[in-house]
Amino acid sequence: MKTPANGEARRLIVHAESDTILISRSNTPALVGASAYVGDDFPLSFLPDTLWLLRPKDRDSVSMRWLAYVIGSDDCRRLLQSIASGTSQSMKKIQKGSFLRLVALTPPLTEQRKIADILSTWDEALERLDALIAAKDRRKQALMQQLLTGKKRVKGANGKWKVATLGDLLTPISRTVPKPTGSFLAAGIRSHGKGVFLKPDFKPEGIALDELFELKAGDLVVNITFAWEGAAAIVPDVADGALVSHRFPTFLFKDGLASRSFFRHYIRSKRFVFDCGLASPGGAGRNRVLSKTAFLNIELKVPSFEEQEQIGSLLDTADQELALLRRQRDALDQQKRGLMQRLLTGKIRVTPEAE
């Protein structure tokens, strides 16, 4: 621990204060130069020496809100990352002299304030969308937990849920094919229920196996090494025909007993991931191999096929609503970035209101 000399402690205490900018002067290559405008006083905060707090020399010539947009713009972030130095690949630092020599196109103060007002309006719209997405996501998670456990029933459903094993509902399927001699479409599965990813033009030399296994759209596929992390997915149409190794067992849903729509959400539930963890013995880091026998013996309570379909449909609708909101959010963010670039470079001029 480093102890400051007498009289130095007070100088080293720096609080986040209103109408200033914080900038990360020392960080990973991706985060160095990240910045934020501080709109309030935080007298109980103490800033680490990896952050700079920027105060204006003359508040009558610069708007800190405008300057925060300049420093946070894509162009300036790239510039800051380019001047960050350091021999470590994981940590870069911006030198004070290099930072202070940077040049910015500076409009009159009244125009700076107008630009900051315009961009703040877009930020407020983005924050409202973020809050709406977070609320919808929490609602969907709650709905998922209730519907998949029978605590909440779909309208008109009153049949009793039955205990079944995955083996009662799924049929293992292996479509063995010889390892291709040329490039092929390979597939993998992300953990935490994030679905299948594809590796086009995969080279056969990268696999020391003579046989692979073909996926078909609609299969349930599991990564036996990371099933305990929720690495399970229903194969989408784009992955039809993709090849996987023996570490990706696949299963068919039994007609009239198991609904893909229902299982698309069930395999993302905490209960399913927990049960896969129990069926994956071993403690060698993240590699805990799933026992296929134990997997098929996992028990769950399921409603009739018709109610499974209704539950899946309700949760699909909630997912679609969230996806639409996220697309709207991305589009709004892109529009804001385009406007920001034009405003901060003077390609679009604004007329300040009379003060």
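A quick note: this is a predicted structure, and the numbers were derived from the prediction, not measured.

Asks: Help me understand the sheet that holds strand β1 (residues 20-24), please; the structure alone is not making it clear to me.
Replies: As a general point, the strands of a sheet are linked pairwise by backbone hydrogen bonds and lie either parallel or antiparallel. Judged by pairing direction, the sheet is antiparallel, and its three strands sit side by side in the order β3-β1-β4 without closing on themselves. Each edge of the sheet is formed by a strand with only one pairing partner; in this case those strands are β3 (35-38) and β4 (51-54). Shown here is a sheet whose adjacent strand axes are inclined to one another by a mean of 20°, direction ignored. Judged from the four bridges that link them, β1 and β4 form a sheet pairing that is antiparallel. The partner of Ile23 across the bridge, within β4, is Trp52. Contacts from helix α2 (residues 64-72) reach β1, β3 and β4 within the one sheet, and its direction differs from that of β1 by about 20°.

Asks: Looking at this model, I keep getting lost on the packing of α2 against helix α3 (residues 74-83). Mind explaining?
Replies: Two numbers describe a pair of packed helices, the interaxial angle and the distance between the axes. Running from amino to carboxyl end, α2 crosses α3 at an angle of 60°, the nearest separation of the two axes being 5 Å. In this view, α2 runs oblique relative to α3, as classed from their interaxial angle. Facing α2, whose interface residues are Val70, Ile71 and Gly72, α3 presents Asp74, Cys76, Arg77 and Leu80. Here the contact of α2 with α3 is built from residues that sort into four nonpolar, one polar and two charged.

Asks: For this particular structure, what's the right way to read the UniProt feature "coiled-coil region" (unreviewed entry) in the protein?
Replies: In this numbering, the UniProt entry assigns the feature "coiled-coil region" (unreviewed entry) to residues 315-342. The straight-line gap between the two end C-alpha atoms of residues 315-342 is 41 Å; of that span, 100% is helix and 0% is strand.

Asks: What is the right way to read the sheet that holds strand β12 (residues 220-222) from this model?
Replies: Strand order in the open sheet formed by four strands is β7-β15-β12-β13, with antiparallel pairing between adjacent strands. If you trace the sheet from one side to the other, it starts and ends with β7 (170-173) and β13 (232-234), each paired once. Strand-to-strand twist of the sheet, defined as the mean angle between neighbouring strand axes without regard to direction, takes the value 30°. Two elements, β7 and strand β15 (residues 250-253), share four bridges in a ladder whose sense is antiparallel. Within the sheet, the bridge partner assigned to Thr171 lies in β15 and is Leu252.

Asks: Please explain unusual backbone geometry as it appears in this structure.
Replies: Backbone phi values are negative for most residues with the exception of glycine, while trans is the configuration of most peptide bonds. The phi angle at His192 is positive, at roughly 60°, despite the residue not being glycine. Inspection of the secondary structure assignment puts His192 in the loop between β9 (184-189) and β10 (196-202).

Asks: How should the pairing of strand β16 (residues 299-302) be read in this particular structure?
Replies: What you see with β16 is a clean split: Leu300 and Val302 sit on the buried side and Glu299 and Lys301 on the side with no burial. Two elements, strand β6 (residues 162-165) and β16, share four bridges in a ladder whose sense is antiparallel. The residue bridging Val163 from the neighbouring strand is Lys301, located in β16.

Asks: Before we go on, may I ask you to explain the nonpolar core in this structure?
Replies: Where a protein is soluble and globular, its nonpolar side chains tend to be buried together. Formed by 34 residues in total, the largest nonpolar core has its most connected members in Leu166, Leu220, Phe263, Tyr266 and Phe295. Of all the elements, helix α5 (residues 109-149) adds the most residues to this core, at four residues. Ignoring sequence-local partners within four residues, the contact set of Leu166 consists of Phe263, Tyr266, Phe272, Phe295, Leu296, Ile298 and Leu300. By size, the runner-up hydrophobic cluster in this structure holds 15 residues, among which are Ala187, Val221, Ala233 and Val235.

Asks: What is the right way to look at the packing of α2 against helix α10 (residues 305-344) in this model?
Replies: Two elements in contact, α2 and α10, have axes whose closest approach is 11 Å; the angle formed by their N-to-C orientations is 110°. In terms of axis orientation, α2 runs roughly perpendicular to α10. Both α2 and α10 take part in a crossing whose hand is left-handed. Between α2 and α10, the residues in contact are Trp66, Tyr69, Val70 and Gly72 and Lys336, Met340 and Leu344, respectively. Looking at the contact of α2 with α10 residue by residue, the class counts come to five nonpolar, one polar and one charged.

Asks: Sorry, what's going on with the environment of His15 here?
Replies: Checked against the element boundaries, His15 lands in the loop between α1 (9-12) and β1. A C-alpha to C-alpha distance of 12 Å links His15 and Leu54, two positions 39 residues apart in sequence. Ignoring sequence-local partners within four residues, the contact set of His15 consists of Phe42, Pro43, Ser45, Phe46, Leu47 and Leu53. In this structure the side chain of His15 is engaged in a polar contact, spanning 3.0 Å, whose partner is the backbone oxygen of Pro43. At 2.7 Å, the side chain of His15 forms a polar contact with the backbone oxygen of Ser45.

Asks: What exactly am I supposed to notice about the pattern of salt bridges here?
Replies: If the charged atoms of two oppositely charged side chains come close together, the side chains can form a pair. Enumeration over the complete set of coordinates arrives at 17 salt bridges. Two residues, Asp117 and Arg65, come together in a salt bridge whose shortest N-O distance is 2.5 Å. With a gap of 52 residues between them, Asp117 in helix α5 and Arg65 in helix α2 connect regions that are remote in the sequence. With a closest N to O distance of 3.0 Å, Arg271 and Asp275 form a salt bridge. A residue pair is termed a helical-turn pair when its members lie 3 or 4 positions apart in one helix, as Arg271 and Asp275 do in helix α8 (residues 270-278) at four residues. Residue classification places Asp275 among the buried positions, given a relative accessible area of 8%. One network of salt bridges, in which partners are shared, links Asp74, Asp130, Arg329, Asp333 and Arg337.

Conventions we followed
Residues numbered from 1 in each chain as written. Predicted model: local features only at pLDDT ≥ 70, side-chain atom pairs only at ≥ 80, totals over all residues. Heavy atoms only, no water. Pairing = 2+ DSSP bridges. Helix = DSSP H or I, 4+ residues; strand = E, 2+ residues; numbered from the N terminus. Axes fitted to C-alpha atoms, helices over the stretch in contact; angles between N-to-C directions. Contact = heavy atoms within 4.5 Å. Parallel < 35°, antiparallel > 145°, perpendicular 65-115°, else oblique. Nonpolar A, V, L, I, M, F, W, Y, C, P; charged D, E, K, R; others polar. UniProt positions renumbered as here; feature names shortened; annotations may be inferred. Buried < 20%, exposed > 50% of the residue type's maximum accessible area, 1.4 Å probe, protein only. Core = buried A, V, L, I, M, F, W, Y, C linked by side-chain atoms within 4.5 Å. Left-handed = near helix turned anticlockwise from the far one by under 90°. Polar contact = N/O pair within 3.5 Å; in protein donor to acceptor, adjacent residues only side chain to side chain. Salt bridge = Lys/Arg side-chain N within 4 Å of Asp/Glu carboxyl O.

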